[in-house]
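Coordinates in review
Each chain, written out:
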Amino acid sequence: QTVISVKNVPDWFINFIPLKDTAGIQQIISSDFVQLGRIVVNPHPGLAYQELWDTFTRNTWWLLSVAVISLLAFMILIRQLLKPITTLKKQAEQIANGDFTIHDTLPSLPELKKVGETMNRMSAKVASMLAAQTELTERMRKRAYQDVLTGLNNRRYFAEQMDHLLKTPEEFISGALMLIEISSFKEYNQQHGYVKADDLLRKTAEILSGICASIQGVCLARVSGASFSFLAPNTTLKEIKEYANKLQSQFESLHDKGSIDNVASIHMGITCYDGSQDGTELLSMCDMALRASQVKGP
């Protein structure tokens with residue numbers, strides 16, 4: 001068997017595509033009818049292999065180019081098709097994280113567009129439900145810890161805050177507790193009516209709020225029908241007396257303006273906290289100071 005080798009054509013290609021031998025061209029040489037010899041020309045397949053190899057390489061590169069271009073186009077198409085899904089996935093993650101943003105741009109595909117519209121409706125619905133729940137929680141919190149009439153904190157809130165401060169000496173080293181009470185308020189209510197009585201409570205609360213606004217960390221509350229209290233951390237006796245004098249002046253203006261008369265009067269009791277008293281003892285001492293103030297008269 002003849003080994004065929006062609007320049008620039010790999011042997012595996014030649015072996016992969018064997019070409020059948022073809023008959024050679026024969027020519028008899030004669031002179032004056034005398035046969036002198038015979039020439040036989042056998043064709044070599046090298047040129048055929050060269051042409052086949054060139055065609056094969058051109059077609060291979062062309063197919064590879066088409067394949068690469070097709071793959072890129074397919075990837076771009078897939079990305080464009082998946083982009084709306086990615087947007088919907090992002091919106092779902094936002095909803096899971098508490099962000100209920102409504103997306104105005106919806107996918108162009110009808111099926112995905114419906115999904116996008118459904119996601120927007122769900123987001124709006126959940127946001128509305130959470131807002132309503134938050135509002136309800138806030139109303140319940142206010143009802144639990146806030147006095148409806150005056151807007152001040154109520155007795156429960158005051159007790160919890162005082163208990164917290166007494167258990168955290170690093171925050172409440174010293175301070176003062178004040179109790180304010182409108183004496184004979186029941187008689188005042190009976191004589192003037194509940195509208196004027198409620199107005200007196202609100203005005204008293206406004207005066208207390210104005211004075212306490214300048215006290216850092218103060219806890220002010222309406223602890224019963226006509227009783228108020230405030231706890232002022234890190235306040236000296238001198239400072240609390242100054243606040244008491246301001247309150248006395250403000251309360252006297254209520255009498256001058258006719259909001260309060262001789263039927264009722266306002267008294268204050270003060271006790272200082274030095275770090276040794278518990279809540280019961282502190283309240284008891286302050287209540288004794290208030291009763292001593294009431295004994296003195298209007």
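So, here is what we can say about the structure in this document.

Criteria and thresholds
Residues numbered from 1 in each chain as written. Predicted model: local features only at pLDDT ≥ 70, side-chain atom pairs only at ≥ 80, totals over all residues. Heavy atoms only, no water. Helix = DSSP H or I, 4+ residues; strand = E, 2+ residues; numbered from the N terminus. Contact = heavy atoms within 4.5 Å. Areas by Shrake-Rupley, 256 points an atom, 1.4 Å probe, with all protein chains shown as cover. Buried < 20%, exposed > 50% of the residue type's maximum accessible area, 1.4 Å probe, protein only. Polar contact = N/O pair within 3.5 Å; in protein donor to acceptor, adjacent residues only side chain to side chain. Pairing = 2+ DSSP bridges. Salt bridge = Lys/Arg side-chain N within 4 Å of Asp/Glu carboxyl O. Core = buried A, V, L, I, M, F, W, Y, C linked by side-chain atoms within 4.5 Å. Axes fitted to C-alpha atoms, helices over the stretch in contact; angles between N-to-C directions. Phe/Tyr/Trp six-rings, centres within 6.5 Å; stacked < 30°, edge-to-face > 60°. Parallel < 35°, antiparallel > 145°, perpendicular 65-115°, else oblique. Left-handed = near helix turned anticlockwise from the far one by under 90°. Nonpolar A, V, L, I, M, F, W, Y, C, P; charged D, E, K, R; others polar.

**Some details on the overall build of the protein chain**
Each helix and strand in the protein chain was counted, giving eight helices and six strands. Each helix (α) and strand (β) of the protein chain, taken in turn from the N terminus, gives the series α-β-β-α-α-α-β-α-α-β-β-α-β-α. Sequence separation of 24 or more characterises 62% of the internal contacts of the protein chain that already satisfy a separation of 6 or more. Accessible surface, the protein chain: about 20,300 Å² in total, of which carbon and sulfur atoms supply 57%.

**As for the side chain of arginine 222**
Structurally, the position occupied by arginine 222 is in strand 4 (residues 219-222). Arginine 222 gets classed as buried once you look at its relative accessible area, which sits at 14%. At 3.2 Å, the side chain of arginine 222 forms a polar contact with the backbone oxygen of serine 224. Among the polar contacts made by the side chain of arginine 222, one reaches the main-chain carbonyl oxygen of glycine 225 at a distance of 2.7 Å.

**A closer look at the pairing of strand 4**
The two faces of strand 4 match: Cys219 and Ala221 on one face and Leu220 and Arg222 on the other face are all buried. The pairing of strand 4 with strand 5 (residues 227-233) spans four bridges and is classified as antiparallel. Residue pairing for strand 5: leucine 220 is matched across the bridge by phenylalanine 230. The antiparallel hairpin formed by strand 4 and strand 5 contains four residues in its connecting segment.

**Some points on the pattern of salt bridges**
Pairs can form between side chains of opposite charge whenever their charged atoms are close. What the rule picks out here adds up to five salt bridges. Here aspartate 199 and lysine 203 are joined by a salt bridge, their closest N and O atoms 3.2 Å apart. Note that aspartate 199 and lysine 203 are positioned in helix 6 (residues 194-212) at a spacing of four residues, about one turn of the helix. On the basis of relative accessible area, lysine 203 is assigned to the partly exposed category, the value being 29%. Members of the salt-bridge network, linked through shared partners, are Glu181, Asp287 and Arg291.

**Some points on the pairing of strand 6 (residues 265-273)**
Among the nine residues that make up strand 6, seven are buried, leaving the element largely enclosed by the rest of the structure. Across nine bridges, strand 3 (residues 175-183) lies against strand 6 in antiparallel orientation. Bridge pairing in strand 6 places glutamate 181 opposite histidine 267.

**Brief notes about the nonpolar core**
Considering soluble globular proteins, one finds that nonpolar side chains tend to be buried as a cluster. Core analysis: the largest hydrophobic core is formed by 31 residues, its most contacted members being Ile180, Phe230, Leu247 and Phe251. Elements represented by at least two residues in this core include exactly strand 3, helix 5 (185-192), helix 6, strand 5, helix 7 (237-256) and strand 6. When residues in this core are grouped by element, the largest group, eight residues, is from helix 6. Apart from residues no more than four positions distant in its own chain, phenylalanine 251 is found in contact with Ile180, Thr204, Ile207, Leu208, Ile260, Ile266 and Met268. Among the nonpolar cores identified, the runner-up in size contains 15 residues, and Phe158, Ala221, Val223 and Leu282 belong to it.

**Digging into the sheet that holds strand 5**
Taken together, the four strands give an open sheet; going across it, the order is 4-5-3-6, and neighbouring strands pair in antiparallel fashion. Strands with a single pairing partner mark the edges of an open sheet, and in this sheet they are strand 4 and strand 6. Adjacent strand axes in the sheet meet at a mean angle of 15° when their direction is disregarded. Of the strands in this sheet, strand 3, strand 5 and strand 6 are in contact with helix 7, which crosses strand 6 at around 170°.

**Description of the packing of aromatic side chains**
For the structure shown, the criterion picks out five aromatic pairs. Both rings, one in tryptophan 12 and one in phenylalanine 56, keep their centres 6.5 Å apart while their planes meet at 75°; by these two values the pair is edge-to-face. Highlighted residues: tryptophan 12 in helix 1 (residues 11-16) and phenylalanine 56 in helix 2 (residues 46-96), separated in sequence by 44 residues.

**Considering the packing of helix 6 against helix 7**
At a minimum axis distance of 10 Å, the contact between helix 6 and helix 7 shows a crossing angle of 150°. Between helix 6 and helix 7, the interaxial angle falls into the category roughly antiparallel. Helix-helix and strand crossings are classified by hand; for helix 6 and helix 7 the assignment is right-handed. Contacts from Leu200, Lys203, Thr204, Ile207, Leu208 and Ile211 of helix 6 reach helix 7 at Tyr243, Lys246, Leu247, Gln250, Phe251 and Leu254. Class assignment of the residues belonging to the contact of helix 6 with helix 7 gives a composition of eight nonpolar, two polar and two charged.

Any functional reading would require information that these geometric values do not contain.
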